[in-house]
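Chain by chain, the residues run as shown.
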Amino acid sequence: MEKKSIGVFDSGLGGLTAVKQLLKVLPNENIVYFGDTGRVPYGNRSNNTIKKYALQDAKFLLSHNVKLVIAACGTVSSVAGDLHSSIGVPYTGVVNPTVYTAIRTTKNNRIGVIGTSATIASHSYKTRIKEENPNIKVFEQDCPLFVPLVENGFIDKNDPIVRLTVERYLNILKENDIDTLILGCTHYPILKDAIGDVMGNGVTLIDSGMETAYYTKKILKRENLLAEDNQQGQCQFFVSDTPDNFEKVAEIFLGRNMEHSATQINIEKY
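Positions within a chain are numbered from 1, following the residues in the order the chain's sequence is written. Given that this is a predicted model, residues contribute local features only at a pLDDT of at least 70 and side-chain atom pairs are listed and counted only at 80 or more, while totals for whole chains, interfaces and linings are drawn from all residues. The basis for every side-chain value is the complete set of heavy atoms in the structure, and neither hydrogens nor water enter the calculation.

Visitor: Would you explain unusual backbone geometry in this entry?
Guide: The phi torsion of most residues other than glycine is negative, and most of the peptide bonds are trans. With an omega of 0°, the peptide bond running from Val40 to Pro41 counts as cis. Here the phi dihedral of Asn65 falls at roughly 60°; this positive angle occurs in a residue that is not glycine. Secondary structure elements follow DSSP: runs of H or I no shorter than four residues count as helices, runs of E no shorter than two count as strands, and numbering proceeds from the N terminus. Tracing the sequence through the fold places Asn65 in the loop between helix H2 (47-62) and strand E3 (68-71). Its identity is not glycine, yet Asp177 carries a phi of approximately 60°, on the positive side. Looking at the element boundaries, Asp177 is found in the loop between helix H8 (160-175) and strand E7 (180-183).

What follows is the structure, given as structure tokens:
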């Protein structure tokens, strides 16, 4: 029997940070990744447009007969949380698993959330945190320049452009004495060193991609969908715009040499 894959999509390549964690947590699983590089970013789109794009992305993955779909995108997870009702296979975004860990991490009940403008405007993380524990104070901050920084390779914590940008957005969170910070966009772990330097040792950073990988393993186990063999899983990568330089950029996100190229597809067909 053919081993079914986990389907992962993102507005661009940021979701590869989630793939990086999936490869660690579920090394025997096949993964099909789609990055909507032709329409990135989603963070400044209307909710209706984001929902339309998310459904197309999921339908593309379903055409590869995936057994589970992950929206490795804070924006989609925040705005299109009802996507599961349209796709017919188990589904998860990044919000719920990340919130679960953040609540259990904070000691002073003061949590910060950073994300795209659309994610922060949706208040998705704040709403879920408050539902679980109304006593926690949540401080939100959108960081619209983080994604273009990462996409253009500005990731060195010693780069003054990176440092000044991170300080510009996060100083207000420091002033609010948070002890836990949710990285609410899968691009943001690439800036983890810079973010950690600015926030200091007293703040725990919650990587949404990592938490989603652990949650995905729980879902697959619960649904009896875990890969039954011990063979190393295979990855396929697809994008909606030219795959030029994909390998170079993907290596930044995956933290390892790329052995695969990406295939360009027409997402408007789905």
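Visitor: Sorry if this is basic, but what is going on with the pattern of salt bridges here?
Guide: Close approach of charged atoms allows side chains of opposite charge to pair. The working definition used for a salt bridge is a side-chain nitrogen of Lys or Arg within 4 Å of a carboxyl oxygen of Asp or Glu. Under the defined criterion, the tally for this structure stands at 11 salt bridges. In this structure, Arg39 and Glu268 form a salt bridge, with 3.2 Å as the shortest nitrogen-oxygen distance. Linking Arg39 in the loop between strand E2 (30-35) and H2 with Glu268 in the segment after strand E10 (262-264), this pair joins segments that are 229 residues apart in sequence. Here's how the labels work: a residue is buried when its accessible area is under 20% of the maximum for its type, exposed when over 50%, partly exposed in between, all with a 1.4 Å probe on protein chains only. For Glu268, a relative accessible area of 46% puts it in the partly exposed group. Residue Glu132 pairs with Arg128 through a salt bridge whose shortest N-O separation is 3.4 Å. Of this pair, Glu132 and Arg128 both sit in helix H6 (residues 124-132), 4 residues apart, roughly one helical turn. Each of the salt bridges in this network shares a partner with another, and the network as a whole consists of Asp36, Arg39, Asp57 and Glu268.

Visitor: Which parts of the structure should I look at to understand the packing of aromatic side chains?
Guide: A ring pair, where both rings are aromatic, is described by two values, the distance of the centres and the angle of the planes. Aromatic contacts are taken between Phe, Tyr and Trp rings whose centres are within 6.5 Å, Trp giving its six-membered ring; a plane angle under 30 degrees counts as stacked, one over 60 as edge-to-face, and the others as tilted. What the rule picks out here adds up to 7 aromatic pairs. Relative to Phe60, the ring of Phe34 lies with its centre 5.3 Å away and its plane at 55°, an arrangement referred to as tilted. In this pair, Phe34 sits in strand E2 while Phe60 sits in helix H2, placing the two residues 26 residues apart along the sequence. Exposure remark for Phe34: the relative accessible area of 0% places this residue in the buried category. Judged by centre distance (5.3 Å) and plane angle (80°), the rings of Phe60 and Tyr270 are edge-to-face. Residue Phe60 is found in helix H2, and its partner Tyr270 is found in the segment after E10; the two are separated by 210 residues along the sequence. Exposure remark for Phe60: the relative accessible area of 1% places this residue in the buried category. Within the aromatic cluster, the residues linked to one another by ring pairs are Phe34, Phe60, Phe238 and Tyr270. Charge-over-ring contacts are defined here by two conditions on Lys NZ or Arg CZ: a distance within 6 Å of the ring centre and an angle within 35 degrees of the ring normal. Geometry around Tyr53 places Arg39 over its ring, the cationic atom sitting 3.7 Å from the centre. Residue placement shows Arg104 over the ring face of Tyr100; its charged tip is 3.7 Å from the ring centre.

Visitor: Would you mind showing me how to read the environment of Lys130 here?
Guide: As for its placement among the helices and strands, Lys130 is situated in helix H6. In sequence terms Lys130 and Val69 are 61 residues apart; their C-alpha atoms lie 26 Å from each other. Ignoring sequence-local partners within four residues, the contact set of Lys130 consists of Ile136 and Lys137. Note on definitions: a residue-residue contact is assigned when non-hydrogen atoms from the two residues lie within 4.5 Å.

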